[in-house]
Amino acid sequence: MRIPFTKMQGAGNDFVVLDETQSRFGLNAAQYRWLADRHFGVGADQILSVRPSPAPGIDFEYVIHNADGTEVEQCGNGARCFARYVRDAGLTRNDAIRVQTRGGVIEPVLQADGRVTVNMGAPVFALERIPFAPGQVAPEPSGSWQQWPLRLAAPAHDTVVLVAVLSMGNPHAVQLVDDVATAPVLQLGPLIERHPLFPNRVNAGFMQVLNRRQIRLRVFERGAGETLACGSGACAAVVAGIRLGLLDAEVDVQTHGGVLTIAWAGGAASVMMTGPATTVFHGDIEIPNDFPNAS
């Protein structure tokens, strides 16, 4: 099966975008994994599918598959690329669109300077909705909020890390570090991602606070590993920093791939994310139909 695609990136978080507004390609998990593979396929952190409106008042459906083939609820950098794609492809003339994701409705807006602002919705703190199941684990008060101790079976010994837990349409565990450059992201990230207290796994954020308006961030993403940037992870980190009393209401987030600007007024207010969205190239590719042990 030969399909067209567009390669895009937002702050270095890269995507393969598929236009399924006319018909579904019907790809399975193995085919999504193959597309995302940087040796055999196109190469991407996530595969983004553009689908027709599923309901009145919604412009498009936005479906996200991680590099491991699993479908996930949200991808903030992908949302910006999604908005840029549908406008550049002539699928809409609107600067502001309403998009249905598995994690809820989001509202990207294309700005005059070429960046895209995404209304990521309000953060979720209810543990059962994240989901996070602490059982007998008790939180530790921090500022006006709390952090949770996670015991990790590290390669050499057990270690305990403190994480702030929330959802931005997908689950996040954010920890404070002194220096993101030396933080053990690749060692602890996989252990946090698959920690048994997170039934659906979790995105592991490592945040260094520079001042009240600037942070540095690395994220080990669920199903993708460490990426150059994570939009929902940037939102989660800023929300956590605000609730812990460390950050102001608007913060620049420095990632390996670029800078994202995150704003949150607190409470039930939506989190607003602004950043770049760039088309890299267009192409088409022949996707194998059969894979051993495909699922």
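In what follows, the accompanying structure is described. (Residues numbered from 1 in each chain as written. Predicted model: local features only at pLDDT ≥ 70, side-chain atom pairs only at ≥ 80, totals over all residues. Heavy atoms only, no water.)

Side note on the nonpolar core
Item 1. The biggest cluster of nonpolar side chains holds 53 residues, and the ones touching the most others in it are Tyr-62, Phe-82, Leu-166, Ile-215, Val-253, Ile-262 and Val-271.
Item 2. When residues of this core are assigned to their parent elements, the largest contribution, eight residues, is made by helix α4 (residues 231-243).
Item 3. Look past the residues within four positions of Val-253 in its chain and what remains in contact with it is Ile-215, Leu-217, Ala-234, Val-238, Gly-258, Val-259, Leu-260 and Ile-262.
Item 4. The next biggest cluster of nonpolar side chains, apart from the first, holds 21 residues, and it includes Leu-150, Val-163, Leu-188 and Leu-197. (Core = buried A, V, L, I, M, F, W, Y, C linked by side-chain atoms within 4.5 Å. Buried < 20%, exposed > 50% of the residue type's maximum accessible area, 1.4 Å probe, protein only. Helix = DSSP H or I, 4+ residues; strand = E, 2+ residues; numbered from the N terminus. Contact = heavy atoms within 4.5 Å.)

Things to note about empty space enclosed by the protein
Item 1. This structure, assessed with the given rule, holds two cavities of 30 Å³ or more.
Item 2. The space that makes up the largest cavity amounts to roughly 90 Å³.
Item 3. Forming the boundary of the largest cavity are 15 residues, of which Gln-46, Gln-74, Asn-170, Asn-203 and Glu-221 lie nearest the centre.
Item 4. When contributions to the lining of the largest cavity are tallied by element, the ones reaching two or more residues are β4 (60-66) and α4.
Item 5. Residue classes in the lining of the largest cavity are distributed as four nonpolar, nine polar and two charged.
Item 6. Forming the walls of the second largest cavity are Leu-217, Arg-218, Val-219, Thr-227, Leu-228, Ala-229, Cys-230, Thr-255 and His-256. (1 Å grid on protein atoms, 1.4 Å probe; cavity = no way out; pocket = protein on both sides within 12 Å on 5 of 7 lines; lining within 4 Å. Points joined across faces, edges and corners; volume = space filled by probe spheres on them. Nonpolar A, V, L, I, M, F, W, Y, C, P; charged D, E, K, R; others polar.)

Observations concerning the layout of surface pockets
Item 1. Counted as a void, the largest pocket has a volume near 220 Å³.
Item 2. If you trace the largest pocket, you find 21 residues lining it, with Gly-103, Val-124, Ser-167, Met-168 and Gly-169 closest to the centre.
Item 3. Sort the elements by how many residues they give to the lining of the largest pocket and strand β7 (residues 104-110) lands first, with three residues.
Item 4. Taken together, the residues of the lining of the largest pocket break down into nine nonpolar, nine polar and three charged.

Some words on the environment of Ile-58
Item 1. With respect to the helices and strands, Ile-58 occurs in the loop between β3 (46-51) and β4.
Item 2. Between the alpha carbons of Ile-58 and Ile-106 there is a distance of 9.7 Å; along the sequence they are 48 residues apart.
Item 3. Beyond its immediate stretch of four places on either side in the chain, Ile-58 contacts Ser-53, Arg-98, Val-99, Gln-100 and Val-105.

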